[in-house]
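Single-letter residue listing:
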Amino acid sequence: MFGWFKSREERSKEALRDRLELVLAYDRANVSPGKIDALRADLLEVVRKHFPAGESSIEVEQMGDKMVLSANIPLESGTRPGPRRG
Amino acid sequence: MDAKVIVVTSGKGGVGKTTTTANIGAALAKQGEKTAVIDVDVGLRNLDVVMGLESRVVFDLIDVLEGKCKLNQALIRDKRVENLYLMPASQTRDKDALDPEVFKQVIDRLLNEEGFDRILVDSPAGIESGFKTAAAPAQGALVVVNPEVSSVRDADRIIGLLEAHQVGEIRLVINRLRPAMVASGNMLSEADMVNILNVKPIGIIPEDDGIIVSTNVGEPAVLGQSRAGQAFMDTARRIRGEDVPFPVYGEEPAGGFWARLRKLLGGA
Ligand SMILES: Nc1ncnc2c1ncn2[C@@H]1O[C@H](COP(=O)(O)OP(=O)(O)OP(=O)(O)O)[C@@H](O)[C@H]1O
Ligand SMILES: [Mg+2]
């Protein structure tokens, strides 16, 4: 019973720490999270247009005290630009 | 309460205004009212994190006031509860960007254009401009008070100011009550506070670790199971005009559950 309580509390602390890290990063960078999310989604759509098969990802990352959007776009051999969707 | 626009205020900081706004807002929405919660604590916004909606903030109240976005672009719809919307404060601007008259117009548009049934305004601590702006459009107020001397004193001050601002329906939310301490005579009881402040109570919320856990994960307590969450649900029902009796916390035997159990088993 107490073990369960403890694990729930530990879980909630982990959640809090993760949320705080992000919140503070956005606060310090002076941007709103939703804007970056929208930018990320737009960028991803463009990337997917050119590499429809690729497992690309764009993540918000903390580098030192800077926040960066980093794109991971695997350029596999045989991957040709896909047809333009429209 | 008849008031559609209700300011949540306290005078003293840290007594539970934001917690109360998030939970009663979510409770009212759960009970079927289209509800907006608005953070007026410009520069120190927190309602977004308490509600777990921080990652979805794009535009904020100041953007609306300055016409930089459409009204509904600054409303974040809570996907967990139907009918619940948050308008966040700006974290980067300062309070001077808030004009009480323009704020009032925004509230009117939320009622008339967006069709909200109820609007809760989370006020910043203190009695300065932020509080005055938050109170400007309100017809009702929830004064959050803790059972301790400085909170009661500041609540009294705020109640006077609210009356001076022509806020009609003023109700007390007594927060962080510890029944065992009340029973042992070491904490003001709900009745004491109601007598001293001469304002009707509408909610009595116990001290509850569940509030800390729910804040950690960003999920209002009324969406889970906890004593405080239940008390907030009851408070929302009373706001909606239901006759929900108050639990008699003060008469609980000292030591709470274990003492009750001992008593039940015939012990002292
Ligand atoms: N009933 C409760 N039981 C336990 N903890 C509580 C309860 N109510 C509030 N708290 C805790 O008290 C702290 C202050 O609460 P909150 O931020 O809601 O206060 P506030 O009045 O909005 O503060 P501020 O004046 O800074 O805006 C928070 O850590 C919150 O989790
Ligand atoms: Mg607050």
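So, how was this worked out
Residues numbered from 1 in each chain as written. Chains lettered and ligands numbered in written order. Predicted model: local features only at pLDDT ≥ 70, side-chain atom pairs only at ≥ 80, totals over all residues. Heavy atoms only, no water. UniProt positions renumbered as here; feature names shortened; annotations may be inferred. Contact = heavy atoms within 4.5 Å. Buried area = accessible area lost by both parts, 1.4 Å probe. Salt bridge = Lys/Arg side-chain N within 4 Å of Asp/Glu carboxyl O. Axes fitted to C-alpha atoms, helices over the stretch in contact; angles between N-to-C directions. Helix = DSSP H or I, 4+ residues; strand = E, 2+ residues; numbered from the N terminus. Left-handed = near helix turned anticlockwise from the far one by under 90°. Nonpolar A, V, L, I, M, F, W, Y, C, P; charged D, E, K, R; others polar. Expected span 1.5 Å × (residues − 1). Buried < 20%, exposed > 50% of the residue type's maximum accessible area, 1.4 Å probe, protein only. Arc of directions from axis to C-beta.

- You'll find chain B entered in an unreviewed UniProt entry as Septum site-determining protein MinD, with Deinococcus piscis given as the organism.
- Per its UniProt entry, chain B bears the Function (unreviewed entry) comment "ATPase required for the correct placement of the division site. Cell division inhibitors MinC and MinD act in concert to form an inhibitor capable of blocking formation of the polar Z ring septums. Rapidly oscillates between the poles of the cell to destabilize FtsZ filaments that have formed before they mature into polar Z rings."
- Within the UniProt record for chain B, the comment given under Sequence similarities (unreviewed entry) is "Belongs to the ParA family. MinD subfamily."

- As annotated in an unreviewed UniProt entry, chain A carries the name Cell division topological specificity factor and is attributed to Deinococcus piscis.
- In the Sequence similarities (unreviewed entry) part of its UniProt record, chain A is described as follows: "Belongs to the MinE family."
- Annotation of chain A in UniProt includes, under Function (unreviewed entry), the sentence "Prevents the cell division inhibition by proteins MinC and MinD at internal division sites while permitting inhibition at polar sites. This ensures cell division at the proper site by restricting the formation of a division septum at the midpoint of the long axis of the cell."

### Remarks on the interface of chain B and chain A
Right, on to step 1. Between chain B and chain A, the residue contacts involve 17 residues of the former and 14 residues of the latter.
Right, on to step 2. At the boundary of chain B with chain A, total buried surface from both sides reaches about 1200 Å², with 53% on carbon and sulfur atoms.
Right, on to step 3. Linking chain B to chain A there are 1 salt bridge.
Right, on to step 4. For B:Glu54, the salt bridge is made with A:Arg19, and the minimal N-O distance between the two is 3.0 Å.

### Brief notes about the packing of helix H1 (residues 17–30) of chain B against helix H10 (residues 227–239) of chain B
Residues and elements named next belong to chain B.
Right, on to step 1. Following both chains from N to C, one finds H1 and H10 inclined at 65 degrees, their axes separated by 8 Å at the closest point. When you trace H1 past H10, the crossing you get is right-handed. Facing H1, whose interface residues are Thr19, Thr20, Asn23, Ile24, Ala27, Leu28 and Lys30, H10 presents Phe232, Met233, Thr235, Ala236 and Ile239.
Right, on to step 2. Taken together, the residues of the contact of H1 with H10 sort by class into 7 nonpolar, 4 polar and 1 charged.

### What about helix H6 (residues 149–164) of chain B?
Residues and elements named next belong to chain B.
Right, on to step 1. Compared with the 22 Å implied by 1.5 Å per residue over 16 residues, the 23 Å span of H6 between its first and last C-alpha is a close match.
Right, on to step 2. Buried within H6 we find Ser151, Val152, Ala155, Ile158, Ile159 and Leu162. An end-on view of H6 places all buried positions within 120 degrees of arc, on one side of the element. Relative to its buried face, H6 has exposed residues pointing more than 90 degrees away, namely Val149, Arg153, Arg157 and Ala164.
Right, on to step 3. Looking at the buried side of H6, the elements it contacts are strand E1 (5–9), helix H5 (129–135), strand E6 (140–145), strand E7 (169–177) and helix H8 (190–197).
Right, on to step 4. In the stretch just after H6, glutamine 166 is the one whose phi turns positive, near 65 degrees.

### Some thoughts on the environment of B:Arg56
Right, on to step 1. Within the fold, B:Arg56 resides in the loop between helix H2 (47–50) and helix H3 (61–65).
Right, on to step 2. Taking relative accessible area as the criterion, B:Arg56 reaches 29% and is therefore assigned partly exposed.
Right, on to step 3. Counting along the chain gives 20 residues from B:Arg56 to B:Ile76, while the straight-line C-alpha distance between them is 7.1 Å.
Right, on to step 4. Setting aside anything within four residues of it in sequence, one finds B:Arg56 in contact with A:Gly34, B:Ile76, B:Arg77 and B:Lys79.

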